[in-house]
Amino acid sequence: MMRPAFQRWLLSLLGSILLIALSARGASAAAGGFVYAMNQVNGASNQIFGFRISATGTLTLLSGFPVASGGLGGAGSFSEHIHYKGGLLFVVNEGSASLSVFSVDPATGALTARPYSPIALSGDLACVAASPPGNTVVVGSNAGLWGLVITPSTATIAAGSPAPTPGASPFSCGFSRDGLYAYTGGNVGSVIAGFSVNPSTGVLTPLSGSPYDTTAGNPVGYATDSAGRFFTSNFGDGVRAFTSSSGVLSPVAGNPFTSGLSGGVQGVLHPSENFYMVADRSANRVGVYQIAGSGSGTTLTAVAGSPFVTGGTFSDAVTVNGTGTLVVAANGISRNLTVFQMNTSTGFLTSLGAQPVSSVGSSGLITGLTFVPGVGGGIGDFDGDGKSDFTIFRPSTGLWATLKSSTNYTTSSTVSWGLSTDVPVPGDYDGDGKIDPAIFRPSTGLWAFLKSSTGYTTSGTVSWGLSTDVPQPGDYDGDGKTDPAIFRPSTGLWAFLKSSTNYTTSGTVSWGLSTDTPLVGDYDGDGKADPAIFRPSTGLWAFLKSSTNFTTSGTVSWGLSTDVPVPGDYDGDGKTDPAIFRPSTGLWAILKSSTNYTTSSTVSWGLSTDVPAPADYDGDGKFDPTVFRPSTGDWFVLKSSTNFTTSFGVSWGLSTDTPINKRP
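The structure presented is a predicted model; accordingly, all values stated were derived computationally and were not measured.

Student: Account for the confidence of the model for the protein chain, with residues named and values stated.
Tutor: Averaged over the protein chain, the pLDDT score is 91; the fraction of residues at 70 or greater is 94%. Overall, residues 1–31 carries pLDDT values under 50, and its contacts beyond four positions in sequence, including any with other chains, amount to 75 contacts.

Student: Quick rundown of the pairing of strand β51 (residues 579–582)? Include the residues and the values.
Tutor: Side chains on a regular strand alternate between the two faces of the sheet. Where burial is concerned, the two faces of β51 agree: the one with Ala579 and Phe581 and the one with Ile580 and Arg582 are both buried. Here β51 runs beside strand β52 (residues 587–591); their pairing, made up of four bridges, is antiparallel. By the bridge assignment, Ile580 is partnered in β52 with Ala589. Hairpin connection from β51 to β52: four residues lie between these consecutive antiparallel strands, with Gly586 at a positive phi of about 80°.

Student: Tell me about the packing of aromatic side chains, and please be specific about residues and values.
Tutor: Going through the model one piece at a time under the given rule, you end up with 28 aromatic pairs. Centroid distance Phe78 to Phe171: 5.4 Å. Interplanar angle 50°. Geometry classified as tilted. Taken as a pair, Phe78 in the loop between β6 (67–72) and β7 (82–85) and Phe171 in strand β16 (residues 170–175) lie far apart in primary sequence, 93 residues in all. Across the pair, Phe171 and Phe78 agree in class, each one buried. When the ring of Phe628 is compared with that of Trp635, the centres are 5.2 Å apart and the planes differ by 50°; the resulting orientation is tilted. Considered together, Phe628 and Trp635 belong to a single accessibility category, that of buried residues.

Student: Report on unusual backbone geometry, specifying residues and quantitative values.
Tutor: Cis geometry marks the peptide bond from Ser117 to Pro118; its omega dihedral reads 0°. Its place among the elements puts Pro118 in the loop between β10 (111–113) and β11 (119–120). Looking along the chain, the bond that leaves Ser210 and enters Pro211 is cis, with omega of 5°. By the element assignment, Pro211 lies in the loop between β19 (204–206) and β20 (212–213).

Student: Which residues make up the sheet that holds strand β53 (residues 600–604), and what values go with them?
Tutor: What the four strands build is an open sheet, ordered β50-β51-β52-β53; its pairing is antiparallel. Looking at strand neighbours, the two that pair on one side only are β50 (564–565) and β53, the edges of this open sheet. Bridging between β50 and β51 involves two bridges; their strand directions are antiparallel. By the bridge assignment for β51, Pro565 is matched with Ile580.

Student: Describe the pattern of salt bridges, listing the residues and the values that go with them.
Tutor: Pairs may arise between side chains of opposite charge once their charged atoms sit close together. Counted according to the given criterion, the structure contains nine salt bridges. One salt bridge in this structure joins Glu273 and Arg177, with 3.0 Å as the shortest N-O distance. Placement of Glu273 in the loop between β25 (264–269) and β26 (275–280) and of Arg177 in the loop between β16 and β17 (181–186) is noted, with a sequence separation of 96 residues between them. For Arg177, a relative accessible area of 34% translates into the label partly exposed. Here Asp657 makes a salt bridge to Arg394, at a shortest N to O gap of 2.7 Å. In this pair, Asp657 is assigned in the loop between β57 (647–651) and β58 (658–659) and Arg394 in strand β35 (residues 390–394), connecting sequence segments 263 residues apart. Comparing Asp657 with Arg394, the two get one shared label, buried.

Student: Which residues make up the environment of Gly293, and what values do they have?
Tutor: Relative to the helices and strands, Gly293 is located in the loop between β27 (285–292) and β28 (299–302). In this view, Gly293 contacts Arg229 and Thr298; residues no more than four positions away in its chain are not counted.

Student: Summarise the state of the cysteines; cite the residues concerned and give the values.
Tutor: Taken as a whole and judged by the stated rule, the model has one disulfide. A disulfide bridge connects Cys127 with Cys173, and the sulfur atoms are separated by 1.9 Å. Looking down the S-S bond of the Cys127 and Cys173 bridge, the torsion is 50°, so its handedness is right-handed. Of the two residues, Cys127 sits in strand β12 (residues 125–130) while Cys173 sits in strand β16, which places them 46 residues apart along the sequence. Neither Cys127 nor Cys173 differs from the other in exposure class; each is buried.

Student: Tell me about the side chain of Thr411, residues and numbers included.
Tutor: Locating Thr411 in the fold gives a position in the loop between β36 (399–403) and β37 (412–416). For Thr411, a relative accessible area of 6% puts it in the buried group. A distance of 2.7 Å separates polar atoms of two side chains, one belonging to Thr411 and the other to Thr407.

Student: With reference to specific residues and values, describe the sheet that holds strand β55 (residues 626–629).
Tutor: Strand order in the open sheet formed by four strands is β54-β55-β56-β57, and the pairing between neighbours is antiparallel. Each edge of the open sheet is held by one strand with a lone partner, namely β54 (611–612) and β57. Bridge count for β55 against strand β56 (residues 634–638) is four bridges, and the pairing is antiparallel. Considered in β56, the bridge of Phe628 is made with Trp635.

Criteria and cut-off values
- Residues numbered from 1 in each chain as written.
- Predicted model: local features only at pLDDT ≥ 70, side-chain atom pairs only at ≥ 80, totals over all residues.
- Heavy atoms only, no water.
- pLDDT = per-residue confidence, 0-100.
- Contact = heavy atoms within 4.5 Å.
- Buried < 20%, exposed > 50% of the residue type's maximum accessible area, 1.4 Å probe, protein only.
- Helix = DSSP H or I, 4+ residues; strand = E, 2+ residues; numbered from the N terminus.
- Pairing = 2+ DSSP bridges.
- Phe/Tyr/Trp six-rings, centres within 6.5 Å; stacked < 30°, edge-to-face > 60°.
- Salt bridge = Lys/Arg side-chain N within 4 Å of Asp/Glu carboxyl O.
- Disulfide = S-S within 2.5 Å.
- Polar contact = N/O pair within 3.5 Å; in protein donor to acceptor, adjacent residues only side chain to side chain.

Dropping the structure here:
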């Protein structure tokens, strides 16, 4: 491996001139996320192709793929047979009239069929969509719109399903951002059927005035934004926008807007909510449209250069990564994917190339495409190689110093970011698969993060929280980016600012007492952060599940009042495990989520004066018991990859430094 060259940049941070010494970026396998494509062959087993997509747009077929969906393909040429939400991948099997549901491992991209999968339905199934919380799902068919309620262990078909969709035979399906309304139509006619969705039962009730006439044949490609607007294309030229009130759609004044397309079939909204993108299967292009104005004055304008040629055949689906920097188009007949780099300011797409023909199956048709955020930028992973690095924050100078696992700890990088009174809150704020240096400033409520995606040349800031709040950053909205979040001990409030809406919306829940220790983590394995607490007085752990939209919780008892909580995924099942470090004896005790908390494991590691700093240092997808010894600056790692039989250590830091993996 080439030894990196060092460069220097001068940055301005909060009125101070900061010197940054950086190692040049190597060709690391940053886990930007995953892309899944559905290959349908009429009468044969449906195949799911999964690819890791790097921050630079490289697609790599995942180990073990393609994976059989568990159902059969049909004869249709639909575009929305696969959909991801809340840690689950939903797959339509047109030929066998069923819905398959898989859990997605956020570290490896591996799929695990849910115990109830596949779910038997009926009709010619065209599309699937899940509500933002992921607990309600709709499936469109020529028989109507199916409603389902999904839990970790059950799938229940809603009473009255399939709901009739008069005049609006499904091709596309979509939800409002709050999950309370669902829409379908597009296969025939010009109307869209709208329904209210009971989030507990999944029951669908027609909205007032439904179906809604778009005045254009085959309205498809639904996307919605946080302002309640609804966007659609159609098989001919034209894109349209609608406002909504209690789910009821009303056309904006300027409809229709010229698209330049001849066969727009499926659409997505950019994470910034500034662009609407549509796949054109007739001319093998992707159209990009700038969204401007508000309410009835909303407009859609093709960006310069739009539509953009894919280089494939029958471009029938499009998706976008969590940062909005990469757009992927599926070419149904040539069975390959095209990746574009997107200028997030202008919307311009630059092609990074198409895969070879038949990269997504040797026969059949691609009938759906979706992006899934990964966990690149896992705890402490500053260089994006899937292993935690040894990193310290030096309050006296604002120094962040990282010893890189990607070069076997032979090179390092340093940046200056923050003041002595700041609280370090590292996370993957830009979604590029690497941890970003970040601070919370209690005196002002400022959050400031230095972006690894731009080589630490740009930063982002938001204001969130009070001086008495405890920062609890995590990916609460499941978009692959860390969200600023706080726990307020005085009231038990958790408040998180959503990166998925460019910090324009937030969420709040109440969870915990003033004497509890907040311990955010993904305890239910859905790829989203869960509010959680450890109660020293009783040893209680209590976590509020994002997978049920915070309507259910879990509790276990684990530990003593003098223990240090050190939660993490020690058993590699994609869920956070309750765990403690007992300074008096050096005991680590882990309660395994993989056995539903019925078994545990213990190791002895560390001294009473050590600082626990667990993370995945050996890259096996499991946390390693690890301590930082301030008296010597040494780190000691007990490797889970060898079943805790071997260890290693490095020297990195001073006695006054803060290891950024410190727990809690």
